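# A closer look at the structure
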Amino acid sequence: MGDWMDRAVAAERLRSSFSAQFQWDTVRVTPDKIAGRTVADAVVVPTEVPNHPFATMDGYALDTADSSPRPIAGSVETADDPEPLADGTAVEVATGAPLPEGADAVVPVEEATVENGCLIESTTAPGRNLYPAGATAAQGERIFDPGDQLAPRHAALLRDVGIDQISVRSRPAVGILATGTEIARGDQPDRDSAMLANLLRRWGTEPTILEPVSDDQSHVTAAIERATAEYDLLITSGGTSVGAGDHVGSVLAEHGPLFTSVALRPGRPTTAAVVDGTPVCALPGKPVAAHTAATLVLRPALAAQTAVAEDPAVTVRATSDVELPAQDAEYAVPVALCDGRAVPTGQGDDTGDLYGSRFRPGRVASSTRVTLADGIIVTTDSIAAGELVQVTPFEVIE
């Protein structure tokens, strides 16, 4: 792939630098604040949950070994602590109510026949319509290990097993630095930093958008040195190409770059280095190129540090031909998913379209309208109409 590095190799080099440089602290959080956090210490259940079986339907608790008729000896509500079941009897139970000791099944109300205060013959089997003791968790069971990622649904489990706080890794502090005189002067908007901040926050970090810096090598050098002294990771945008005003690449070149470009289009002029002990990942300035490199290179590199999930894809048929330039690289072709088909975003014959049959990564990289796509096809081969393709939805890599 020429001097371009395979994106998987680039991501691995970044990942190794993160592992070597990040210093993880441990913080305690409550279940309402666990989403996206990474477990620091194993989570062990203090006691069996539930500590008794409970009814999953309104009905009558009984011992299936007894015979009918069974006198109904009272009732049990959800907050009760019932006495053991007397031999040969049944008790009325509400959904969620604890079963008396000795009961091993529940006959639902709609299946029960009650006459003269007795439960008449009802066919049932042990374990029916009850939730067993210990079915949620056993005492001493490890329900989360270090490195596991926590999701909103896990808060229900933590509350259920009586865990009010959990140790998680602190979030790496990330600085985001846009470069470009036109951005620093306010002549053009900073199209990258807010996007990158949202991505990085989703990926388990604490991002801070810094003041943009102009295209002056001394200014760029000073800004990078300030940021690397303050943050665990620095992400820059712009200044990675070979133009007269592109200084980020030359600054990083002085620090033994991890890589200087990636075999990915859009997103090729992505470089990285470790500056004064802090990893720096420099992304292209074109917004779609920055997004592509961030999601396909930076995100996998962060995965081992913040437990980012894998990238599932969906298989659909392409609606049209997309010819790729004859270069040895991966291409990220944005597509919309419509009626189970992949429609290339920006393709067409109108003057406002980005390309016809031949993919033009430079144009695509510049178009923020491409962000309306649903996902990307990452491929080294041209695409044929009707071909089955693998689409990675943005929602799973963002």
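A brief report on the enclosed structure follows. Residue indices begin from 1 for each chain and proceed along its sequence in written order. Owing to the predicted nature of the model, reporting of local features is limited to residues with pLDDT of at least 70; listing and counting of side-chain atom pairs is limited to 80 or more, with chain, interface and lining totals taken over all residues. Side-chain numbers come from the whole structure's heavy atoms, not from hydrogens or water.

## Some thoughts on the overall build of the chain
Numbered from the N terminus, helices here are DSSP runs of H or I no shorter than four residues, and strands are runs of E no shorter than two. Scanning the chain for helices and strands turns up nine helices and 23 strands. Two things to know: the radius of gyration comes from C-alpha atoms, and the globule rule equals 2.2 Å times the number of residues to the power 0.38. For 398 residues, the compact-globule estimate of 2.2 N^0.38 gives 21 Å, and the C-alpha radius of gyration of the chain, at 30 Å, exceeds that figure by more than 25%. In terms of its C-alpha atoms, the chain occupies a principal-axis envelope of roughly 95 × 50 × 35 Å. Remark: exposure states derive from per-residue accessible area (1.4 Å probe, protein chains only) relative to the maximum for the residue type, with buried under 20%, exposed over 50%, and partly exposed in between. Within the chain, the proportion of its 398 residues that are buried is 45%. A total accessible area of about 18,500 Å² is found for the chain, and carbon and sulfur atoms account for 46% of it. Averaging the coordinates of the 28 positive side-chain charges in the chain and doing the same for the 56 negative ones gives two points 11 Å apart. Residue burial considers only the protein chains on display, and all accessible areas are found by Shrake-Rupley using a 1.4 Å probe. In summary, the charge assignment counts Lys and Arg as positive and Asp and Glu as negative, without counting His or the chain termini. To locate a charge, take NZ of a lysine, CZ of an arginine, CG of an aspartate or CD of a glutamate.

## So, the environment of S241
Here S241 lies in the loop between strand 15 (233–237) and helix 6 (248–253). Classification of S241 by relative accessible area gives partly exposed; the value is 42%. Distance in space between the C-alpha atoms of S241 and G352 is 26 Å, their sequence separation being 111 residues. The criterion used for residue contact is that any of the two residues' heavy atoms lie within 4.5 Å. When residues no more than four places from it in sequence are discounted, the contact partners of S241 are D246 and P269.

## Digging into the nonpolar core
Counting 35 residues, the largest nonpolar core has L14, I235 and F259 as the members making the most contacts within it. Of all the elements, helix 7 (residues 287–306) adds the most residues to this core, at eight residues. Those residues in contact with L14, other than ones at most four positions away along the chain, are L258, F259, A272, C281, V297, L298 and A301. V316, L324, L354 and V391 belong to the second largest nonpolar core, which has 20 residues in total. To define a nonpolar core, start from buried Ala, Val, Leu, Ile, Met, Phe, Trp, Tyr and Cys residues and group those joined through side-chain atoms within 4.5 Å.

## Points about the packing of aromatic side chains
Aromatic pairs are defined between Phe, Tyr and Trp rings, using the six-membered ring for Trp, whenever the two ring centres lie within 6.5 Å; interplanar angles under 30 degrees are classed as stacked, those over 60 as edge-to-face, and all others as tilted. The full count for this structure, using the stated rule, is four aromatic pairs. Look at Y331 and F359: their rings are 6.2 Å apart centre to centre, the planes differ by 85 degrees, and that puts the pair in the edge-to-face class. Within this pair, whereas Y331 is found in strand 20 (residues 330–338), its partner F359 is found in the loop between strand 21 (341–344) and helix 8 (361–366), the two being separated by 28 residues in sequence. Taken individually, Y331 and F359 each receive the classification buried, so the pair is uniform in this respect. With a centroid separation of 5.3 Å and 85 degrees between ring planes, the pair formed by Y355 and F359 is classed as edge-to-face. Here the two residues Y355 and F359 agree in accessibility, since each one is buried. A network of ring pairs unites the aromatic residues Y331, Y355 and F359 as a single cluster.

## Quick notes on unusual backbone geometry
Going from V49 to P50, the amide bond is cis rather than trans, its omega being -10 degrees. Between R265 and the following residue, P266, the backbone shows a cis peptide bond with an omega angle of -5 degrees. Mapping P266 onto the fold places it in the loop between strand 16 (264–265) and strand 17 (271–275). Phi angles above zero are rare outside glycine, and N129 is one such case at about 60 degrees. In this structure, N129 sits in the loop between strand 9 (118–119) and strand 10 (130–131). Exposure remark for N129: the relative accessible area of 16% places this residue in the buried category.

## Observations concerning the sheet that holds strand 7 (residues 105–108)
Strand pairing in a sheet takes place through backbone hydrogen bonds and is either antiparallel or parallel in direction. DSSP calls a pair of strands paired once it identifies at least 2 bridges connecting them. Read across the sheet, six strands follow the order 7-4-6-5-9-8 without closing on themselves; strand pairing throughout is mixed. Every interior strand has two partners, whereas the edge strands, strand 7 and strand 8 (114–115), have only one. For strand 5 (residues 70–76) and strand 9, the ladder comprises two bridges, and the chain directions are antiparallel. Across the sheet, R70 pairs through a bridge with L119, a residue of strand 9.

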